[in-house]
Amino acid sequence: MSSAETMTSTDYIVHHLGNWAVGDGFWTFHVDTLAVSFILGLGFCFFFRLAARKATADTPGKLQSFVEVMVKFVDDQVKDTFHGQTKFLGPLALTIFMWVFLMNFMDLIPVDLIPRIMGLFGVEYFRAVPTTDVNLTLGMAMTVLGLIIFYNFKGKGGVGFLKDVCSHPFGMKLMPVNIALRLVEDLAKPISLSMRLFGNLYAGELIFILIAALLPWYFQWPLGAVWAIFHILVITLQAFIFMMLSIVYISMAYESH
Amino acid sequence: MDINATLFGQAITFGIFIWFTMKFVWPPIVQAMQDRERTIADGLEAAKQGQKQLEQAQVEVHAELSKARHKATEIVEMAQKRGDEVIKEAQVKAVDEGQRLLAAAQARMEQEIEAARQTLRAEVVSMAMASAEKLLQTSMDDAKHRELLDRVVGEL
């Protein structure tokens, strides 16, 4: 950290938590989040498509084997949870799991590496881990909320959905309470979904930054290693939880109470 | 934690990736897996079928083998019987032949003995005559003596 002498630890931390932002007020775009997540998603699509295009029922290659393991794993989860015919939930869950996992994985890349490289190109702020941006997690959770509403209609029909909203859990007589409860319930889903992922990854990234900012260089290495190894578990688990809860929420929406 | 329009960008990107996965990734992989499952199931079924056929074939082979062995034994027995018969016939034939040969040989021997006896007899007569002539030194009635001697020889 050659510039560490000229900046305090607080400056260092704040700098690391800044986004590369373009725009004003609400219409601000975090270019780093969008770009990194898009590139990672593209990578996911590219490799999985590569395997899918050459998919063979004969002996699969290494890439196909890996992809099949992932597909089988996700498919089993979906089939265990969702009781009905769907061509959509499997791909959805696979996309969530792989994409979130890859974005979380950016957390394991040394905290200074990507911001430094981008710094060479004149980018002042760069956050390499997209899942530490609440906008990303909330954006995904909103999409999931949209799907929950869609599957409510699909599973119960318009009338059934309305009846469900109005009469649960206290019966028709307490309709306003039911509606209010339902609103809270459905809004809590995407918020808890997004906050959980964001919180975990933000905290994880913060610990890496703290290790890098506050400890002498000879002590950063072992502690960083321990936290990174632990984090391998966390990023996988968080990706799995996000996927699993999305499936569960949509399944709940599809089936009547 | 500032919430801004990145949200929408992210939601759109998410949607695109889901669509891509659903359209281009998921179906071929699942198809390939299903196909392989079917292939494996078929293979196992075929293996089972083959096993069954093999067992049946083995049973058939066993039956066929025992039948053949049975037949072979029969043939051997028949051959032995026939061989015995042939040998017996040959023995009978040989015995007959031997007896016939023996009889012929005896007949010839008797003939020869008889011939020898004839010759011997003649020779004895002439020898006796000669010796008697020398003994008596006299000429005797040749016809009378010969008759006498023939009678003597005939008694031999």
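Above this text sits the structure in question.
Source: prediction; values computed, not measured.

Draft legend 1. Region of interest: the overall build of chain A. On a plain count of helices and strands, chain A comes out with 8 helices and 2 strands. If you list the helices and strands of chain A from N to C, you get α-β-β-α-α-α-α-α-α-α. The buried share among the 257 residues of chain A stands at 46%. Long-range pairs, those at least 24 residues apart, make up 72% of the contacts in chain A with a sequence separation of at least 6. Summing over all exposed atoms, chain A offers an accessible surface of approximately 13000 Å²; the carbon and sulfur share of this is 73%. Charged side chains of chain A number 16 positive and 18 negative; the gap between the two group centres comes to 13 Å.

Draft legend 2. Main features of helix α6 (residues 134–167) of chain A. Counted at 1.5 Å a residue, the expected span for α6 of chain A with its 34 residues is 50 Å, but the 34 Å between its end C-alpha atoms falls short. The largest bend in α6 of chain A is about 105°, located at Gly-157 of chain A.

Draft legend 3. Molecular detail of the pattern of salt bridges. For the structure on display, the rule yields 13 salt bridges over all chains. Glu-112 of chain B is the partner of Arg-108 of chain B in a salt bridge, and the nearest nitrogen-oxygen pair spans 3.9 Å. Of this pair, Arg-108 of chain B and Glu-112 of chain B both sit in helix α1 (residues 6–136), separated by 4 residues, roughly a single helical turn. Since its relative accessible area comes to 56%, Arg-108 of chain B is described here as exposed. A cluster of three or more residues bridged by salt bridges with shared partners is formed by Lys-156, Asp-164, Arg-182, Glu-185, Asp-186 and Lys-189 of chain A.

Quick notes on the rules
Residues numbered from 1 in each chain as written. Chains lettered and ligands numbered in written order. Predicted model: local features only at pLDDT ≥ 70, side-chain atom pairs only at ≥ 80, totals over all residues. Heavy atoms only, no water. Helix = DSSP H or I, 4+ residues; strand = E, 2+ residues; numbered from the N terminus. Buried < 20%, exposed > 50% of the residue type's maximum accessible area, 1.4 Å probe, protein only. Contact = heavy atoms within 4.5 Å. Areas by Shrake-Rupley, 256 points an atom, 1.4 Å probe, with all protein chains shown as cover. Lys, Arg positive; Asp, Glu negative; His and termini not counted. Charge placed at Lys NZ, Arg CZ, Asp CG, Glu CD. Expected span 1.5 Å × (residues − 1). Bend = angle between axes of the 7 residues up to and from the residue. Salt bridge = Lys/Arg side-chain N within 4 Å of Asp/Glu carboxyl O.

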